[in-house]
Amino acid sequence: MQNKISAKNIKKILLIHLRRIGDILLCTPSIKAVREYYKDAEITFLTEGPFYEVLSGNPFLDNIILLEEDEKKDFKKYVKFLKKIHDNMFDLTIDFYGNPRSSLIAFISGAKHRVGFDYPLRQYFYNIRVPLNANERYVVQVKFDLLRQIGIEPVSEKLDIFIPQEAKNKVECFLKEKGINSSRGAAGRIDGLIAFSPTSRRKKRRWFPEKFAELGDRLINSDKKVIFILGPGEEDYVNSIVNMMKTKPVISFKSSIKESAAILERCRLLVTNFNGSKHIAQAVGTPTIGLCEPSEAPVWNPVSESHKAIYKNVSCAGCGKVDDCKDMSCMKLIEVDEVEKTVGEMINI
């Protein structure tokens with residue numbers, strides 16, 4: 001049953017998603033849809049401190065509230081934080097995350113309309129409960145279910161990230177220092193420049209380092225340019241791949257989220273595990289080749305010729321093992337030949 005909420009009754013809106021770069025980017029189509037429906041409302045997004053940069057500069061938001069690490073760990077500070085949420089007097093709260101903490105915050109907000117998925121027990125913190133239908137559906141569409149329940153019909157799956165000129169200038173200087181021709185071709189991208197993002201916080205989402213190394217050598221030997229995207233704490237892993245290579249790729253500086261976006265905006269293509277960089281590339285319009293476990297493809301990859309998922313249908317697909325899989329056949333069976341061929345097919349999209 002749809003619970004359409006009149007725009008004239010909604011003055012202040014709280015949207016919640018607490019963590020992860022990609023997950024928050026996947027909320028941005030919903031942010032825009034909420035803004036288009038509630039044009040005059042004040043819209044606030046709540047997330048955890050490290051992920052502020054994903055949303056900074058978003059013109060569809062009025063405010064960003066951050067839950068900091070010390071507020072989570074210190075009971076008195078957490079109570080003070082919850083009081084701040086309650087005192088904002090929101091009319092509508094939408095919880096896109098749905099974990100115990102975010103559902104409690106939604107309840108504490110005191111909003112007359114509190115929207116969330118019907119997870120066991122947590123559902124009682126909402127008064128507009130939406131059946132969770134996440135089976136092999138793109139995450140953006142799953143989030144849209146919350147909006148449809150209150151009469152909003154989103155139309156675009158496009159992810160948004162807004163890059164400040166300072167980040168773009170820093171990237172241009174870096175590319176120039178590395179001898180990469182920064183003249184702008186089609187859509188402002190550098191011909192033949194291919195980004196690699198071989199990291200992931202989950203081991204089972206990582207294509208094998210030696211295969212990234214071999215692919216990089218092949219592409220460079222065919223007159224392509226390869227640049228490794230490097231975030232904080234990823235230096236050792238990326239360097240271990242580069243050290244396997246016979247050719248010399250470019251390694252980016254330890255880039256922030258916006259700086260990574262500025263680098264990816266200049267690339268023709270990103271070859272990546274399913275991670276935050278993949279969703280950043282989508283947001284800046286750079287085509288992606290995502291290497292993944294088969295059950296993840298329909299969930300994290302849009303249906304688009306610009307975003308190709310390569311996976312193998314193994315019998316253990318969807319096993320749920322995050323870091324302790326001994327076999328990794330789902331990633332092992334993805335061959336360099338297939339990825340190289342797909343690069344050739346996609347580099348000019």
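Summary of the structure given here.

Here is what the cut-offs are and how they apply
- Residues numbered from 1 in each chain as written.
- Predicted model: local features only at pLDDT ≥ 70, side-chain atom pairs only at ≥ 80, totals over all residues.
- Heavy atoms only, no water.
- Helix = DSSP H or I, 4+ residues; strand = E, 2+ residues; numbered from the N terminus.
- Rg over C-alpha atoms; globule rule 2.2 N^0.38 Å.
- Contact = heavy atoms within 4.5 Å.
- Lys, Arg positive; Asp, Glu negative; His and termini not counted.
- Charge placed at Lys NZ, Arg CZ, Asp CG, Glu CD.
- Buried < 20%, exposed > 50% of the residue type's maximum accessible area, 1.4 Å probe, protein only.
- Pairing = 2+ DSSP bridges.
- Right-handed = clockwise from strand over helix to strand, strands pointing away.
- Axes fitted to C-alpha atoms, helices over the stretch in contact; angles between N-to-C directions.
- Phe/Tyr/Trp six-rings, centres within 6.5 Å; stacked < 30°, edge-to-face > 60°.

1. Thoughts on the overall build of the chain
A count of helices and strands for the chain gives 15 helices and 12 strands. Here the chain has a C-alpha radius of gyration of 21 Å; the compact-globule value for 349 residues is 20 Å, and the two agree. The long-range share in the chain, meaning contacts at least 24 apart out of those at least 6 apart in sequence, stands at 62%. Of the side chains in the chain, 54 bear a positive and 45 a negative charge, and the two mean positions are spaced by 3 Å.

2. Comments concerning the pairing of strand 10 (residues 269–273)
Burial of strand 10 is extensive: 5 of the 5 residues sit out of reach of the surface. Where burial is concerned, the two faces of strand 10 agree: the one with Leu 269, Val 271 and Asn 273 and the one with Leu 270 and Thr 272 are both buried. Sheet topology places strand 7 (residues 193–197) next to strand 10; 4 bridges connect them, and they run parallel. Opposite Ile 194, over in strand 10, you have Leu 269 as the bridge partner. Pairing between strand 10 and strand 11 (residues 288–291): 4 bridges, direction parallel. Residue Leu 270 lies in a different strand from strand 11, and its bridge partner there is Thr 288. In this region the chain leaves strand 10, passes through helix 12 (residues 276–284) and returns to the parallel neighbour strand 11; the handedness of that crossover is right-handed.

3. Regarding the sheet that holds strand 2 (residues 42–48)
Taken in spatial order, the 6 strands of this open sheet run 3-2-1-4-5-6, and their pairing is parallel. Every interior strand has two partners, whereas the edge strands, strand 3 (63–67) and strand 6 (128–130), have only one. The mean angle between the axes of side-by-side strands here comes to 15 degrees, regardless of whether they run parallel or antiparallel. Bridge analysis of strand 4 (residues 92–95) against strand 5 (residues 113–117) gives 3 bridges, and the strand direction is parallel. From the neighbouring strand, Thr 93 faces strand 5, where its bridge partner is Arg 114. Along the sheet, helix 7 (residues 139–148) makes contact with strand 4, strand 5 and strand 6, crossing strand 5 at roughly 150 degrees.

4. Focus on the sheet that holds strand 10
Spatially, the 6 strands line up as an open sheet ordered 9-8-7-10-11-12, and their pairing is parallel. Whereas interior strands pair on both sides, the edge strands pair on one side only; in this sheet they are strand 9 (250–251) and strand 12 (307–310). Where helix 9 (residues 209–221) meets the sheet, it contacts strand 7, strand 8 (225–228), strand 10 and strand 11, and its direction lies at approximately 175 degrees from that of strand 7.

5. Things to note about the packing of aromatic side chains
In total, this model carries 9 aromatic pairs according to the counting rule given. Pairing Tyr 78 with Phe 81 gives two aromatic rings, centres 6.4 Å apart and planes at 10 degrees, and the pair type is stacked. Pair noted here: Tyr 78 and Phe 81 are both in helix 5 (residues 75–87), with a separation of 3 residues, about one helical turn. Phe 81 carries the same exposure label as Tyr 78, and that label is buried. Consider the rings of Phe 196 and Phe 228, whose centres lie 5.4 Å apart with planes at 75 degrees: the pair is edge-to-face. Highlighted residues: Phe 196 in strand 7 and Phe 228 in strand 8, separated in sequence by 32 residues. There is no split in this pair, since Phe 196 and Phe 228 are both buried.

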